[in-house]
Amino acid sequence: MKIEVCSADITNIEVDGIVNAANTSLLGGSGVDGAIHRKGGIEILEECKKIRSRQGGCKVGEAVYTVAGNLPSNYVIHTVGPVWSGGINKEKELLSLCYTNSLKIANQLQLKSIAFPNISTGIYKFPKPLAAEIAISSVINFLEKENTSLIKVYFVCLDQENEQLYRDNLRGRIELT
Ligand code: AR6
């Protein structure tokens with residue numbers, strides 16, 4: 001198992017599945033969600049709409065999946081991070097659930113590789129150091145406990161601050177490639 005930190009636009013990453021930091025409507029937005037829908041095209045939105053009519057969108061902390069349309073991956077796993085409101089509304093637990101529920105879907109789909117963006121650290125204003133700690137702990141704990149099809153997990157950081165936080169946090173925990 002390899003965990004890798006990289007600095008990139010997640011829509012360019014060639015993996016089995018990329019994770020989207022969506023909102024509860026699943027109808028797209030800005031940030032990474034906007035980039036994924038823009039580049040992935042209408043197929044993703046059409047599937048999101050079907051999920052909406054079936055189950056009314058996606059709750060915070062939960063995850064659903066669609067095809068990846070024109071993206072170089074096979075699937076998009078859409079998860080909804082919490083909006084940071086000072087830490088009093090179970091934001092930490094909910095952010096952790098975004099990672100573990102996405103990994104559960106990856107197992108269900110038998111994915112070998114997955115790429116996560118830094119969920120909730122943009123428009124949703126989750127403090128970046130805390131979000132990095134939760135993301136890394138949640139992923140490592142999950143992979144240690146569960147049987148998994150995954151052999152590679154990427155943390156894709158668009159901004160340098162997140163990239164540094166992830167590298168610092170992972171150093172000592174695992175061997176970085
Ligand atoms: N590739 C990789 N990372 C990216 C990209 C990209 N193309 N674009 C942004 N990021 P955000 P949130 C990083 O705001 O905070 C949307 O409108 C960005 O630098 O995309 O979970 C949804 O519809 C940041 O570190 O997601 C929701 O309404 C991280 O991705 C809301 O934003 C997350 O930033 C979700 O807010």
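Refer to the preceding data block for the structure.
Everything quoted here is computed from the prediction, not taken from an experiment.

Conventions we followed
Residues numbered from 1 in each chain as written. Predicted model: local features only at pLDDT ≥ 70, side-chain atom pairs only at ≥ 80, totals over all residues. Heavy atoms only, no water. Buried < 20%, exposed > 50% of the residue type's maximum accessible area, 1.4 Å probe, protein only. Helix = DSSP H or I, 4+ residues; strand = E, 2+ residues; numbered from the N terminus. Pairing = 2+ DSSP bridges. Near = heavy atom within 4 Å. Polar contact = N/O pair within 3.5 Å; in protein donor to acceptor, adjacent residues only side chain to side chain. Areas by Shrake-Rupley, 256 points an atom, 1.4 Å probe, with all protein chains shown as cover. Core = buried A, V, L, I, M, F, W, Y, C linked by side-chain atoms within 4.5 Å. Contact = heavy atoms within 4.5 Å. Phe/Tyr/Trp six-rings, centres within 6.5 Å; stacked < 30°, edge-to-face > 60°.

(A) Expanded view of the pairing of strand S4 (residues 75-80). With 5 of its 6 residues buried, S4 lies for the most part within the structure. Pairing of strand S2 (residues 17-22) with S4, which is carried by 6 bridges, proceeds in the parallel orientation. Looking at S4, one finds that Gly-17 is bridged to Tyr-75. Direction of pairing for strand S3 (residues 63-67) relative to S4: antiparallel, over a ladder of 5 bridges. Each residue of the ladder has a partner; that of Ala-63, found in S4, is Thr-79.

(B) Region of the structure containing the site of the ligand. Near the ligand, the surroundings consist of 21 residues, among which Asn-23, Ser-30, Val-32, Asp-33 and Thr-121 are the closest. Contact between the ligand and Gly-122: an oxygen atom at 2.8 Å from a main-chain N or O atom of the residue. At 2.8 Å, a backbone N or O of Ile-123 approaches an oxygen atom of the ligand. Here the ligand has 700 Å² of accessible area as a free molecule, and 90% of this is covered by the chains. Counting only elements with at least two residues in the shell around the ligand, the list comes to S2 and helix H1 (31-40). Ranked by the residues each element gives to the shell around the ligand, the list is headed by H1, at 4 residues.

(C) Structural detail: the nonpolar core. Membership of the largest hydrophobic core comes to 32 residues, with the highest contact counts inside it found for Tyr-99, Ile-114, Phe-116, Val-139, Phe-155 and Tyr-166. For this core, the secondary structure elements donating two or more residues are strand S1 (2-6), helix H3 (91-108), strand S5 (113-116), helix H4 (128-145), strand S6 (152-156) and helix H5 (160-170). Discounting chain neighbours no more than four positions away, the residues touching Tyr-99 are Phe-116, Pro-117, Asn-118, Ile-119, Ala-135, Ser-138, Val-139, Phe-155 and Tyr-166. In terms of nonpolar packing, the next biggest core, distinct from the first, is built from 20 residues, Leu-26, Cys-48, Leu-71 and Val-76 among them.

(D) Representation of the packing of aromatic side chains in the model. Counting across every chain of the model gives 5 aromatic pairs. Geometrically, the ring pair formed by Phe-155 and Tyr-166 is tilted, given 4.9 Å between the ring centres and 45° between the ring planes. Pair noted here: Phe-155 is in strand S6 and Tyr-166 is in helix H5, with a separation of 11 residues, a long-range link. Each member of the pair Phe-155 and Tyr-166 is classed as buried. Members of the aromatic cluster, connected to one another through ring pairs, are Tyr-99, Phe-116, Phe-155 and Tyr-166.

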